Amino acid sequence: MATGSTASLLVLLTALTVTLLLAGYISSASHHQVQNAHIVGSFTDTRKLLRQLTVSVNKTRGLEARDHWFWINGKKTRLFSGAMHYFRIPREYWKDRLIKLRSSGCNVLETYVPWNLHEPHRGEYNFKDMLDLRAYVKLAEECGLFVILRPGPYICSEWDLGGLPSWLLSDSEMKLRSTYQPFIKSVESYFQELLPHVTDLQYSNGGGPIIAWQIENEYGSFGDDTDYLLQIQKMMKENGVCELVFTSDNEQGLLNGAVDRVLMTANFQNIELGKEMLQILQEKQPSMPRMCMEFWTGWFDHWGDSKHQVWPLNEFEESLKYTLEEYGNINFYMFHGGTNFAFMNGANEQTENDQLKDGQDYLADVTSYDYDALLTERGDTTPKYHLTVELLSTYKSEVVYLGDCPTTIVTLPAPHQYDDVMLNTGLSMDEVLRSAVSVDIKGNAVTMEMLPVNNGNGQSYGWILYRKTIEKGGKVNVKGQVRDRTLVFLDKKLVTTFDCNTPEFQFELEAGGVLDLLIENMGRTNYQPINKDVMNSQRKGLNNTITVDGVELTDWSVYCLDFSEDHLAGIKEEKFLPIDEITSGPALYRGHLKVTSLSLADTFIDMSGWGKGIVILNGRNLGRYWPVKGPTKTLYVPGVWLSQGDNEFMVWETDQLPAVKTLKFTTTPNLG
């Protein structure tokens, strides 16, 4: 509270503000600087201006880490944070999720920022709709939450290439997450565009919600080049970051990922690892507060897992109690997981003697990012949520909040089982190819990232088809990995299927004809163990020598089936055929759902009986399905993506023709 001369100055500033408002000056101002207030921004909102002037007069101090505690504006506080990624949640549901976070007793929202969505092509930026980071941060402020941002450039997060854009790999010499100058220059350009979108929302810049930023992400488990981290830190500062910065690492990288005079935080789930990392933190930063920056509330699923990953409630409770008592500060990763819509799921890949389950070197993540978190994929509360509310309530007197929790709760309608969608028209693969970007490649085939398409950005996601007419059959030998999953056709008839877990593959062609290799990019790996070169080799498609009876095949026609906005626009112009005329796959099927109810409720599509592919609703890619592999057998459909009246569903199916070409809905997800 302002007292004495400070209060008098505040009264004078308030009177000056009102006078200017009456004179009409403020309403037309867009970017003015108030002397000694250090405020840049719009002054059209008088309440905001008064808040900024009050903060300035009282010498607002941002988040500090000292004396074993965090401090906000000089007040000691615990940080109870929840990770919720705006890019995994329909924008219309942001407020619902944020209110549930604030109502749990948390005082902080944490989110990653995905470079590959914000800059899908070099120099082309997107901050609209679900990617409006600024709107998300401001909404968190309205809900009484501080904000921690983790802008990368690498974010891991079970996200394609850890959030790095695939066009980086069009450079054959690219070295990701390093001081390799083309990479550094790309990060620099991105930060120059990204950071100014939100730096004025920092707490020290007028009382905004942003109180902390992370430098890179779990770098210590990837490498030990401190100069790289220092360059990232320097770029952040040069682009306006003025709040507390920190690093976060798992047990493998806590020491490697440290930066001098920067707060270290730990990522773990079980108590044993928490104790090990606590000892390191106490030794390296004895007077600093301790924080678990990623308290893993569950885990993610791979295609082929025997069942959905679940962390039992009793184990969650025991570990949470330990973390609250011994660390005192926590970020629930995830508080709400959401969905890997479209093609954005990541993958895990091991090299040399390290393998994943069943001897596989590559496993892709599923579409659902439910994570067994405190809120379900569609945002419902869980027993973990209610237990957390109870445990956090005992620390309420030690927590500083940005503001009160909104009293207006957003009530979402219960999931609804809509009528079946009969898929009664379709397109063959060749008809889908007509709308795809294509190019003829002379010599050896190249991967999708190296294709001379999309203004030099290559192809990022989806399927890529390599086509060549061969004069005769014979023994075909594919040397090296083809990433990730390949369907081989001869004159539109399936010959064989293989994936990248087979390092060298052979098969027979009985005759000559049109040879097609349809290769799916199932997701680039998002995590690389230290001293193992995995991420730099995440180019997808064909980059191998293929021979028929020893004669190398060259000169391919290549088609990009990325189901992008442009591709889908072209598909809509095609003449869809009656379903009975589609006699072989792969194929695209179409049907319509008429919605007449007043409320648009969430639902789930039961993909049992289908093979492998994606579902597109009203032009939005809901994500991948692969029920035969599991564990997930349903796809989440946000109700807000449905429309009153007609809704168009399209299913791109690559593996099998279902006996009944129908989409069936359910109110309950089947995660396995």
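Residues numbered from 1 in each chain as written. Predicted model: local features only at pLDDT ≥ 70, side-chain atom pairs only at ≥ 80, totals over all residues. Heavy atoms only, no water.

Visitor: Mind laying out the sheet that holds strand 26 (residues 556–561), listing which residues take part and the relevant values?
Guide: Backbone-to-backbone hydrogen bonds pair the strands of a sheet. The strands run either parallel or antiparallel. Pairing is antiparallel in the open sheet, where 6 strands are placed in the order 17-26-18-23-20-21. Lying at the two open borders of the sheet, with one neighbouring strand each, are strand 17 (437–441) and strand 21 (493–499). Averaged over all pairs of adjacent strands, the angle between their axes in this sheet comes to 20 degrees, without regard to strand direction. Both strand 17 and strand 26 contribute to a ladder of 5 bridges, which runs antiparallel. Residue pairing for strand 26: Ile441 is matched across the bridge by Trp556. (Pairing = 2+ DSSP bridges. Helix = DSSP H or I, 4+ residues; strand = E, 2+ residues; numbered from the N terminus. Axes fitted to C-alpha atoms, helices over the stretch in contact; angles between N-to-C directions.)

Visitor: A description of unusual backbone geometry should follow, citing residues and the corresponding values.
Guide: In this structure, Pro153 follows Gly152 across a cis peptide bond, with omega equal to 20 degrees. Relative to the assigned elements, Pro153 resides in the loop between strand 8 (146–150) and helix 7 (181–194). For the bond running from Arg483 to Asp484, omega is 5 degrees, close enough to zero to count as cis. For Asp484, the location among the structural elements is in the loop between strand 19 (474–479) and strand 20 (485–490). Although it is not a glycine, Asp67 sits at a positive phi angle of roughly 50 degrees. Tracing the sequence through the fold places Asp67 in the loop between strand 3 (63–66) and strand 4 (69–72).

Visitor: How would you summarise helix 8 (residues 226–238) if you had to cite specific residues and measurements?
Guide: The first and last C-alpha atoms of helix 8 sit 18 Å apart over 13 residues, in line with the 18 Å expected at 1.5 Å per residue. Listing the buried residues of helix 8 in full gives Tyr228, Leu229, Ile232, Met235 and Met236. The buried residues of helix 8 all sit within an arc of 120 degrees when viewed along its axis, so they share a single face. In this structure, helix 8 carries Lys234 and Lys237 as exposed residues pointing more than 90 degrees from its buried face. You can read the cap of helix 8 off the contacts: a side-chain oxygen lies 3.1 Å from the backbone nitrogen of Asp227, and it is on Asp225. Positive backbone phi, at 105 degrees, marks Gly240, one or two positions downstream of helix 8. (Expected span 1.5 Å × (residues − 1). Buried < 20%, exposed > 50% of the residue type's maximum accessible area, 1.4 Å probe, protein only. Arc of directions from axis to C-beta. Polar contact = N/O pair within 3.5 Å; in protein donor to acceptor, adjacent residues only side chain to side chain.)

Visitor: Now, about the sheet that holds strand 5 (residues 75–77): what can you tell me, with residues and values included?
Guide: A sheet is described by the order of its strands in space; here 3 strands give the open sequence 3-4-5, paired in antiparallel fashion. The open sheet is flanked by strand 3 and strand 5, the only strands paired with a single partner. For this sheet, the mean inter-axis angle between neighbouring strands, taken without regard to orientation, is 35 degrees. In terms of strand pairing, strand 3 meets strand 4 through 4 bridges, oriented antiparallel. Looking at the pairing, Ala65 lines up with Phe70 of strand 4.

Visitor: Please provide a residue-by-residue account of the pairing of strand 31 (residues 620–625), values included.
Guide: The buried fraction of strand 31 amounts to 5 of the 6 residues, a majority that puts the element mostly inside the structure. The pairing of strand 30 (residues 613–617) with strand 31 spans 5 bridges and is classified as antiparallel. If you follow Ile614 over to strand 31, its bridge partner there is Arg624. In sequence, strand 30 turns back onto strand 31 through a hairpin of 2 residues, with Asn618 there showing a positive phi of about 50 degrees.

Visitor: Mind laying out helix 10 (residues 313–326), listing which residues take part and the relevant values?
Guide: Under the 1.5 Å per step criterion, the end-to-end length of helix 10 is 20 Å for 14 residues, consistent within 8% with the ideal 20 Å. Turning to helix 10, its buried residues number three or more, namely Phe316, Ser319, Leu320, Tyr322, Thr323 and Leu324. The secondary structure elements touched by the buried residues of helix 10 are strand 6 (80–84), strand 11 (263–268), helix 9 (271–284), strand 12 (290–296), strand 13 (328–336) and helix 11 (383–393). Of the residues one or two after helix 10, Gly328 is the one with positive phi, at around 85 degrees. (Contact = heavy atoms within 4.5 Å.)

Visitor: Give me the packing of aromatic side chains: which residues, what numbers.
Guide: Inspection of every chain in the model, using the stated rule, returns 42 aromatic pairs. Ring plane angle 70 degrees and centroid distance 5.5 Å describe the contact between Trp296 and Trp299, whose orientation is recorded as edge-to-face. Trp296 gets classed as buried once you look at its relative accessible area, which sits at 11%. The side chain of Arg88 reaches across the aromatic face of Tyr369, ending 3.7 Å from its centre. Over the face of the ring belonging to Trp626 we find Lys612, whose NZ or CZ atom lies 4.5 Å from the ring centre. (Phe/Tyr/Trp six-rings, centres within 6.5 Å; stacked < 30°, edge-to-face > 60°. Lys NZ or Arg CZ within 6 Å of the ring centre and 35° of its normal.)

Visitor: Please give an account of the pattern of salt bridges that cites residues and values.
Guide: Overall, the coordinates contain 33 salt bridges when judged by the stated rule. Members of the salt-bridge network, linked through shared partners, are Arg61, Glu64, Arg66 and Asp67. (Salt bridge = Lys/Arg side-chain N within 4 Å of Asp/Glu carboxyl O.)

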